[in-house]
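Each chain is listed here by its residues.
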Protein chains: 2
Amino acid sequence: METYTEVRKFVSRFVILNEEEWNAVLPLIKTRYLKKNDYFVREGEVAKYISFTEEGYLRVLYNHDGTEITRDISPLHSFVTALPSFISHKPSFEIIQAITDCKLFIIYRDDLENLYNHYINWQKVGRRIMEEMFVETQNRIYSFITQSAEMRYKEMMNKFPDIFLHVPLQYIASYLGITSQSLSRLRKSIQFSEE
Amino acid sequence: METYTEVRKFVSRFVILNEEEWNAVLPLIKTRYLKKNDYFVREGEVAKYISFTEEGYLRVLYNHDGTEITRDISPLHSFVTALPSFISHKPSFEIIQAITDCKLFIIYRDDLENLYNHYINWQKVGRRIMEEMFVETQNRIYSFITQSAEMRYKEMMNKFPDIFLHVPLQYIASYLGITSQSLSRLRKSIQFSEE
DNA sequence: GCTTTCTTTTAACAAATGGTAAAAAAGTAC
DNA sequence: GTACTTTTTTACCATTTGTTAAAAGAAAGC
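Read on for an overview of the structure. Small disclaimer: the values here were computed from a predicted structure and weren't measured.

## Here's the deal with the overall build of chain A
Summing up its helical and strand segments, chain A has nine helices and eight strands in all. What you see for chain A is a C-alpha radius of gyration of 18 Å, in line with the 16 Å of a compact globule of 195 residues. By principal-axis analysis of the C-alpha atoms, chain A measures approximately 55 × 35 × 35 Å. Across the 195 residues that make up chain A, the buried fraction comes to 53%. In chain A, the share of contacts with a sequence separation of at least 24, taken over all contacts with a separation of at least 6, comes to 72%. Here chain A has roughly 9,600 Å² of accessible surface; of this, 50% comes from carbon and sulfur atoms. Across chain A, the centroid of the 24 positively charged side chains sits 3 Å from that of the 26 negatively charged ones.

This is the structure:
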């Protein structure tokens, strides 16, 4: 029997739920395993679930004139979905793919909607998580405006050191907004300036 | 007596409220006028209100080593606050300033919190608006990753033509992530390629 | 209206990043 | 283990954007 310890820890950062509220979500959670490179959301498919990365890393990308643009790499123990599709019920231009083998906890959109509509505190959880993710994304905007690629790279190393152990550099380069050749050059120059 | 037509229109895009729910917000809304260059949130001040720009334009900026970085320019009829401060109750590093004379509808954080806690549908409005703003911000991340400054400029021209009538170019340059000199050069080269 | 201040533009050079191509390294499949 | 595929690195040149400084233009104050 799953205990969903990490999910509960995550949710508790925003709203403290009583036992009834917490128990309401338990029957809605399914477990899904993905192998490396499997898709969680394919291009053109409607995103019907939200997922929590219990184990492993996902990336959110899209196809830009044949080039894969990685917009996000999910940290461990975070919620991920292709939000534009999830909220509009329209086909997703965003693709979600497993970077490593993954164990995901997923909830159907309709189940989540139900939960939201029956429990004001779950509605609040949804709002608070969105607020937090919005602020995170704003900070990333600031980093694009004010920082060089090198600084963005170094900050990412500090903030998510574990990601560098599991995620190909080309995805990281795209996340940082540069080509993998530029990232390679950056890494080389950093290496020399450190020695 | 204010009718808050634009606010209602905005909110209705997300959730249809019944009269009781709608009426609940009316006593919470205050009107505030700002002159050009007045501050809505000062640096170091806690953001105690959210505002809706009934008239005029606000910008969200912060001080980066003495340079003002404009992270956002509010379109007409949109909600604005310094969210990190608003949700954490901590002093704001973000500054919100009037670019033009403004008429704002504002709601105190505590009043809004109350509204959220008494009406699940208002909680839902908050969540849905946050989702939407999050998606908007994600799209801006994509534009930083995939587009040149010139393309970002052109897209902004298409999307917010009114902003260019009211907002100094230096703020727009910062919003686009470039210097005002670079924007000036861009505009010149676009002008020649059009003729 | 004149002066002062702030904003925008211009220019020349510097630095950062992209594009193309190919080699090297690492990972995967059989 | 070998062949094959994918990822990362290297190199060279092109392009974009930044930096510094100054001039031109526009707005604000008196």
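## Overview of the relation of the copies chain B and chain A
Once chain B has been moved 0.0 Å along the axis and rotated by 180°, it coincides with chain A to within an RMSD of 0.0 Å. One copy is carried onto the other by what is essentially a two-fold rotation axis. It is R127(B) whose C-alpha, among those of chain B, lies nearest the rotation axis, at 2.1 Å. Interface overlap between copies is the fraction of interface residues in one copy that are interface residues in the other; for chain B against chain A it reaches 100%, indicating a shared surface.

## Let's talk about the sheet that holds strand β3 (residues 49-55) of chain A
All names here are of chain A. Taken in spatial order, the four strands line up as β1-β8-β3-β6 in an open sheet, and their pairing is antiparallel. Strands at the two margins of the open sheet, each flanked by one partner only, are β1 (30-34) and β6 (79-80). Looking at chain direction, β3 and strand β8 (residues 102-108) are connected through six bridges and run antiparallel. Directly across from I50, in β8, lies its bridge partner I107. Running at roughly 115° to β3, helix α1 (residues 5-12) makes contact with β3, β6 and β8 of the sheet. Along the sheet, helix α4 (residues 109-118) contacts β3 and β8; its crossing angle with β8, the most-contacted strand, is approximately 60°.

## A word on the pattern of salt bridges
According to the stated counting rule, one finds 29 salt bridges over all chains in the structure shown. Between K154(A) and E150(A) there is a salt bridge, and its shortest N-O distance comes to 3.2 Å. Remark: E150(A) and K154(A) occur in helix α6 (residues 149-159); sequence separation between them is four residues, near one turn of the helix. Note that R71(B) and E94(B) form a salt bridge whose closest N and O atoms lie 2.4 Å from each other. Here R71(B), found in strand β5 (residues 67-73), pairs with E94(B), found in the loop between α3 (83-88) and β7 (95-98); they are 23 residues apart in sequence, far enough to count as distant. For the pair shown, R71(B) and E94(B) are each scored as buried. One salt-bridge network, held together by shared partners, links E113(A), K124(B), R127(B), R128(B), E131(B) and E132(B).

## Description of the protein's contact with DNA strand D
Neighbouring DNA strand D are 17 residues, the closest being L169(A), A149(B), Q181(B), S182(B) and R185(B). The sugar-phosphate portion of DNA strand D accounts for 61% of its atoms within 4 Å of the protein, the bases making up the rest. Note that a phosphate oxygen of DNA strand D is positioned 2.7 Å from one of the backbone N or O atoms of L169(A). Here a phosphate oxygen of DNA strand D and a side-chain polar atom of S182(B) are 2.7 Å apart. Mapped by element, the contributors of at least two residues to the surface near DNA strand D are α8 (169-176) and α9 (180-194) of chain A together with α9 (180-194) of chain B. Grouping the amino acids of the surface near DNA strand D by side-chain chemistry returns four nonpolar, nine polar and four charged.

## Some words on the interface of chain B and chain A
Between chain B and chain A, the residue contacts involve 41 residues of the former and 41 residues of the latter. Taken over both partners, the interface formed by chain B and chain A buries close to 3,700 Å², and the fraction arising from carbon and sulfur atoms is 71%. For the chain B face of the interface with chain A, the top three residues by lost area are R127(B), F134(B) and Y142(B), together amounting to 19%. Scanning the region where chain B abuts chain A turns up four salt bridges. Counting every contact that joins chain B to chain A gives eight residue pairs in polar contact (both at pLDDT 80 or more). Within the residue set of the side of chain B that touches chain A, elements represented by two or more residues are β4 (58-64), β5, α3, α4 (109-118), α5 (120-146) and α8 (169-176) of chain B. Per element, the largest residue contribution to the side of chain B that touches chain A is 21 residues, and it comes from α5(B). In the side of chain B that touches chain A, the residues fall into 20 nonpolar, twelve polar and nine charged.

Conventions and cut-offs
Residues numbered from 1 in each chain as written. Chains lettered and ligands numbered in written order. Predicted model: local features only at pLDDT ≥ 70, side-chain atom pairs only at ≥ 80, totals over all residues. Heavy atoms only, no water. Helix = DSSP H or I, 4+ residues; strand = E, 2+ residues; numbered from the N terminus. Rg over C-alpha atoms; globule rule 2.2 N^0.38 Å. Buried < 20%, exposed > 50% of the residue type's maximum accessible area, 1.4 Å probe, protein only. Contact = heavy atoms within 4.5 Å. Areas by Shrake-Rupley, 256 points an atom, 1.4 Å probe, with all protein chains shown as cover. Lys, Arg positive; Asp, Glu negative; His and termini not counted. Charge placed at Lys NZ, Arg CZ, Asp CG, Glu CD. Least-squares fit on C-alpha atoms with pLDDT ≥ 70 in both. Pairing = 2+ DSSP bridges. Axes fitted to C-alpha atoms, helices over the stretch in contact; angles between N-to-C directions. Salt bridge = Lys/Arg side-chain N within 4 Å of Asp/Glu carboxyl O. Near = heavy atom within 4 Å. Polar contact = N/O pair within 3.5 Å; in protein donor to acceptor, adjacent residues only side chain to side chain. Nonpolar A, V, L, I, M, F, W, Y, C, P; charged D, E, K, R; others polar. Buried area = accessible area lost by both parts, 1.4 Å probe.

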